[in-house]
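Summary of structural features
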Amino acid sequence: MENAFLNEPKLWKDALPRLAKDAHKYKRGHALIFSGNLTNTGAARLAAMSAARIGAGLVTVLSPSDALLVNAAHLTSIMLRETRTIQDALDYIEKRHVTAALIGPAYGLGVKTQHDCITLLNKASANRLVLDADAISSFENASDHLFKTIHASNIETVLTPHEGEFSRLFPDLSRDSKLTKAEKTLKAAARAGACVIYKGAQTIIAHPDGRYCYNENGTPLLATAGSGDVLAGMVTGLLAQNMSVFEATSAAVWLHCEAAKKFGAGLIAEDLPLMLPQCLIALETS
């Protein structure tokens, strides 16, 4: 297929954000990460550090009141903002010129998450939104509502399902044994109106315009809790820097795998952001 690509650096390397001589933090983009409640904060921090390591100039964690002190105790260069309602988030996004946002990692399942995602798609001034983890699973019985909202929104959207999450949003595609994984992902992207990263041993990235790429540098080292949160943060960080969606998602997936392989045995999710500078330097010199 002429719209099918192997995911390798030549596909997106020229589109990677590069620092201009007059760069400052605001020019490098502002990434926003929604935190879960008191006992579910780690996923947001993993995503936030990943967004920062991939180059976003500012990264902010929006925290519910009960989790504020926990997040504050673990964050230094990442900014923190107390957020009581989704309107608080909308106000912050507009005032602080947020360029990409991530919602879902350990955010909680249910109607509140549905409401917050739909509100962001309808009203947020950020032009890119990543829906991950709980933001996907919360729409298990309301996927049509999500897809209709995405199609009507001005916000470019990324969905990051693993196999179980994919089956919740796209049950008919998941069950169809006649379709390849690439075909399922392409159909899902067109239906949702979003770029879809269908994660797994071989990850497929599909854009609603019909382009897709298949990732061949995967590693079982990534089969560890929190690695998906890191990937979602990396995608958000690249989108915050105004990298185009297809290239940003493809680059994040490839770099995620390379970071794991550079670290090697004993990898946990916290190690992945620390390896990103090495991966980016290697790309610059290759």
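Structure's up top.
We now turn to the structure provided with this report. Note that the structure is a prediction, hence the values are computed from the model and not measured. (Residues numbered from 1 in each chain as written. Predicted model: local features only at pLDDT ≥ 70, side-chain atom pairs only at ≥ 80, totals over all residues. Heavy atoms only, no water.)

**Looking at the pattern of salt bridges**
Two side chains carrying opposite charge are able to pair once their charged atoms lie near each other. What counts here: Should a side-chain nitrogen of Lys or Arg be within 4 Å of a carboxyl oxygen of Asp or Glu, the pair is scored as a salt bridge. A run of DSSP states H or I qualifies as a helix once it reaches four residues; a run of E qualifies as a strand once it reaches two. Both are numbered from the N-terminal end. For every residue, the accessible area obtained with a 1.4 Å probe (protein chains only) is divided by the maximum for its type, and the residue is called buried under 20%, exposed over 50%, and partly exposed between those limits.
Scanning the model with the defined rule gives nine salt bridges in all. A salt bridge links Lys261 to Glu258; its shortest N-O distance comes to 3.4 Å. Residue Lys261 and its partner Glu258 are located together in helix α12 (residues 245–263), separated by three residues, close to a single helical turn. The partly exposed category is assigned to Lys261, whose relative accessible area is 39%. Glu258 gets classed as buried once you look at its relative accessible area, which sits at 18%. Here the residues in one salt-bridge network are Asp209, Arg211 and Glu247, joined through shared partners.

**Regarding the side chain of Lys199**
Stated precisely, the cut-off is as follows: Note on contacts: a residue pair is in contact if any heavy atoms of the two residues lie within 4.5 Å.
Turning to its location among the elements, Lys199 is positioned in the loop between β8 (195–198) and β9 (204–206). A residue is classified by how much of its surface remains accessible, and Lys199, at 15% relative accessible area, is buried. Not counting chain neighbours up to four residues away, the residues in contact with Lys199 comprise Asp132, Thr160, Pro161, His162, Glu163, Lys181, Gly228 and Leu231.

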